[in-house]
Amino acid sequence: IISGSSVSYAQGLTPAQVYAMNVKSVVMVYSRTSGGTSTGSGFIISRDGYVVTNHHVVEGAVSAKIITHQGEEIPVRIIGSDSINDIALLKAEAENLPCVALGSSRALIVGDQVVAIGNPLGELTSTMTVGYVSGKERSITTDGVTIDMIQTDAAINSGNSGGPLF
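Keep in mind the model is a prediction, meaning the values are calculated, not measured.

A.B. asks: An account of the sheet that holds strand β6 (residues 61-67) is requested, with residue identities and associated values reported.
C.D. replies: Sheet architecture is closed into a barrel: six strands sit in the order β3-β4-β5-β8-β7-β6, paired in antiparallel fashion. Here the average twist between neighbouring strands, direction ignored, is 40 degrees. Here eight bridges tie strand β3 (residues 26-33) to strand β4 (residues 36-44), and the two strands are oriented antiparallel to one another. The residue of β4 that forms the bridge with tyrosine 30 is threonine 39.

A.B. asks: Give me the lowdown on the nonpolar core, citing residues and values where you can.
C.D. replies: Val29 and Ile66 are the most contacted members of the largest nonpolar core, which has 15 residues in total. Secondary structure elements with two or more residues in this core: β3, α2 (55-58), β6, β7 (73-82) and β8 (87-92). Considering every element that reaches this core, the biggest residue donor is β8, with three residues.

A.B. asks: Explain the environment of asparagine 119 residue by residue, including any values.
C.D. replies: Relative to the assigned elements, asparagine 119 resides in the loop between β9 (113-118) and β10 (127-142). For asparagine 119, a relative accessible area of 3% gives the class buried. For the pair asparagine 119 and serine 139, spaced 20 residues apart in sequence, the C-alpha to C-alpha distance is 27 Å. When near neighbours in sequence (up to four residues on either side) are disregarded, asparagine 119 contacts Val26, Val27, Met28, Gly40, Ser41, Leu124, Thr125, Ser126, Gly159 and Asn160. Within the structure, asparagine 119 has its side chain in polar contact with the backbone nitrogen of serine 126 (distance 3.1 Å).

A.B. asks: So what about the sheet that holds strand β11 (residues 145-152)? Which residues, and what values?
C.D. replies: Here three strands make up an open sheet; going across it, the order is β9-β10-β11 and the pairing antiparallel. Taken across any chain shown, the strands that pair with only one partner, and hence form the sheet edges, are β9 and β11. Averaged over neighbouring strand pairs, the angle between their axes works out to 55 degrees when direction is ignored. On the sheet, helix α1 (residues 15-22) packs against β9 and β10 and is oriented at approximately 40 degrees with respect to β9.

Quick notes on the rules
Residues numbered from 1 in each chain as written. Predicted model: local features only at pLDDT ≥ 70, side-chain atom pairs only at ≥ 80, totals over all residues. Heavy atoms only, no water. Pairing = 2+ DSSP bridges. Helix = DSSP H or I, 4+ residues; strand = E, 2+ residues; numbered from the N terminus. Axes fitted to C-alpha atoms, helices over the stretch in contact; angles between N-to-C directions. Core = buried A, V, L, I, M, F, W, Y, C linked by side-chain atoms within 4.5 Å. Buried < 20%, exposed > 50% of the residue type's maximum accessible area, 1.4 Å probe, protein only. Contact = heavy atoms within 4.5 Å. Polar contact = N/O pair within 3.5 Å; in protein donor to acceptor, adjacent residues only side chain to side chain.

Next up, the structure:
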C-alpha cells in the first residue's frame with residue numbers, strides 16, 4: 001500500500017491512514033432548541049467553513065456551533081436542511097479549515113472496507129469504527145418516506161449522527 005512516502009490509492013488505504021487524513025475535518029455539532037440541546041457529528045467539506053451533518057441533529061435549532069478536533073468552538077448558521085434525506089448544510093465563519101475530500105458512493109462495492117469517524121454521546125470525540133459495505137441502495141421506509149442508503153456493519157454509535165463514512 002505504501003511505497004516510500006507515496007500512497008497507492010488504487011490499492012486502498014488502511015483504516016489508520018484514513019483516520020489520520022480526515023480526523024481533523026470531523027467536528028462535533030451542538031445545537032440549542034427551544035426544548036433543549038442536541039449533539040451529533042459533522043464533517044467540514046470546504047476550507048471556508050461549510051459543514052455537513054444530519055437534519056435531526058439541528059432540527060428546530062435556535063443556535064448552533066461546531067467544536068473542532070482542536071477544541072475550537074465556532075458558531076454556525078444553518079444554510080439548508082432536508083428532513084426527508086436527513087441532511088443539513090451548515091456554515092461556519094472561518095477560513096483555512098481542514099476539509100475532507102468527497103468521494104462517490106457509486107464507486108463503492110459490497111465488501112469495501114469503510115471507516116466511520118464521529119463523536120459518540122457528544123463526549124467521546126474522534127472515535128473511529130471500521131467495517132465493510134454490506135449493501136448498497138438499500139431502500140428504507142420511515143413515516144411513509146423511502147430513501148436509499150448504504151448498509152455497513154461498522155458500528156455507528158449514538159452521537160455519531162452526521163459523521164462521515166469513508
